[in-house]
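Breakdown of the fold
Residue-level listing of the chains:
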Amino acid sequence: MGSRSLAYDAVAFDLLSALLDSWSLWDAVAGDRNVGRSWRRQYLQLASVTGRYRPYEEIVAEAAVAVGRSGDDATRLFERWGGLKPWKEVPAVLESLQRHVPIAVVTNCSEELAQTAVTCTGATFSVVVSAERAGWYKPNERPYNLALQELGVPAARVLFVAGSPFDVRGASAVGMPVFWHDRLGMRSEHPDLPTVAVESSLNTVVNHLEDRLDL
């Protein structure tokens, strides 16, 4: 990188969609890709309207039942939680970012599951905020604001990397510019959300740090 100032002072990430391919784990536990995707989307919807924290495991089980599965699927999912895999470019992207700025995670998980999932990325984060620790689920402003407080960086100077439309809304509402890592092509369902970029991979995230630099 060149000699001028970075565009952002930190980068924060959604965890389970932006950094990890949790969708494939849901599919594997369901035994069917279409069922797994429906279950995962139902979970996202339920979490987005839950507000104050209640056990994450309950919400995932309720989502399974809502799509015609057993709540026991959630138990099987959590038994395999340590097998979550990052998207293929994640290790290189996080390593590159960490040379220049602190990185953080804001995730709709219990604290225990958040810490396990963070380990699956292979990276060390300056701040990890779970919904349980914040006391509220995203897209409520509290989890994002707790991350900003612990980073010690103003919202406008933190690039948030979202994995779902709910995160785009939530992070934007607290003043963070949003890069939407739309791996599953959800943008067509939500075309008007405010973002600095919408990409199907994370490969260009680092470029957003560099846009004020002499390269």
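My aim in this report is to walk through the structure given alongside it, one point at a time. (Residues numbered from 1 in each chain as written. Predicted model: local features only at pLDDT ≥ 70, side-chain atom pairs only at ≥ 80, totals over all residues. Heavy atoms only, no water.)

Attention now moves to the pairing of strand β1 (residues 10-13). Here β1 shows no split at all, with Ala10 and Ala12 on one side and Val11 and Phe13 on the other all buried. The pairing of β1 with strand β4 (residues 158-162) spans 4 bridges and is classified as parallel. Note that in β4 the partner of Val11 across the bridge is Leu159. In the sheet, β1 pairs with strand β2 (residues 103-107) via 3 bridges, with the strands oriented parallel. Bridge pairing in β2 places Val11 opposite Ile103. (Buried < 20%, exposed > 50% of the residue type's maximum accessible area, 1.4 Å probe, protein only. Helix = DSSP H or I, 4+ residues; strand = E, 2+ residues; numbered from the N terminus. Pairing = 2+ DSSP bridges.)

Looking now at empty space enclosed by the protein. Inspection of every chain in the model, using the stated rule, returns 2 cavities of 30 Å³ or more. Estimated volume of the largest cavity: approximately 170 Å³. If you go around the largest cavity, you meet 17 residues; those closest to its centre are Asp14, Leu44, Asn108, Lys138 and Ser164. Mapped by element, the contributors of at least two residues to the lining of the largest cavity are α2 (33-50) and α9 (165-173). Here the element with the most residues in the lining of the largest cavity is α2; it accounts for 5 residues. Split into classes, the residues belonging to the lining of the largest cavity amount to 7 nonpolar, 6 polar and 4 charged. Its boundaries defined by the atoms lining it, the second largest cavity holds a volume of some 40 Å³. In terms of residue class, the lining of the second largest cavity is made up of 4 nonpolar, 3 polar and 2 charged. (1 Å grid on protein atoms, 1.4 Å probe; cavity = no way out; pocket = protein on both sides within 12 Å on 5 of 7 lines; lining within 4 Å. Points joined across faces, edges and corners; volume = space filled by probe spheres on them. Nonpolar A, V, L, I, M, F, W, Y, C, P; charged D, E, K, R; others polar.)

The next point concerns the state of the cysteines. Within the structure shown, the criterion is met by 0 disulfides. Cys120 provides the cysteine sulfur closest to Cys109, a residue in no disulfide bond, and the two sulfurs are 10 Å apart. (Disulfide = S-S within 2.5 Å.)

Here we come to unusual backbone geometry. The step from Lys138 to Pro139 runs through a cis peptide bond, and the omega angle for that step is 10 degrees. Relative to the helices and strands, Pro139 resides in the loop between α7 (131-134) and α8 (141-151).

The tally for this structure, following the rule as stated, stands at 9 aromatic pairs. Between Tyr43 and Tyr56, the aromatic rings sit 5.5 Å apart at their centres with planes inclined by 80 degrees, giving edge-to-face as the arrangement. Taken together, the residues Tyr43 in helix α2 and Tyr56 in helix α3 (residues 56-66) connect sequence positions 13 residues apart. When its relative accessible area of 0% is taken as the criterion, Tyr56 is described as buried. An aromatic cluster is defined as three or more aromatic residues linked by ring pairs; in this entry it consists of Trp26, Trp39, Tyr43, Tyr56, Phe78 and Trp81. For the cation-ring pair, Arg40 lies above Trp23, with the distance from its terminal atom to the ring centre recorded as 5.0 Å. (Phe/Tyr/Trp six-rings, centres within 6.5 Å; stacked < 30°, edge-to-face > 60°. Lys NZ or Arg CZ within 6 Å of the ring centre and 35° of its normal.)

Let us look at the pairing of strand β5 (residues 178-181). Burial of β5 is two-sided: the residues Val178 and Trp180 facing one way and the residues Phe179 and His181 facing the other way are all buried. Pairing of β4 with β5, which is carried by 3 bridges, proceeds in the parallel orientation. Counted as the bridge partner of Val161 is Phe179 from β5. Looking at chain direction, β5 and strand β6 (residues 197-199) are connected through 3 bridges and run parallel. For Phe179, the partnering residue across the bridge sits in β6 and is Ala197.

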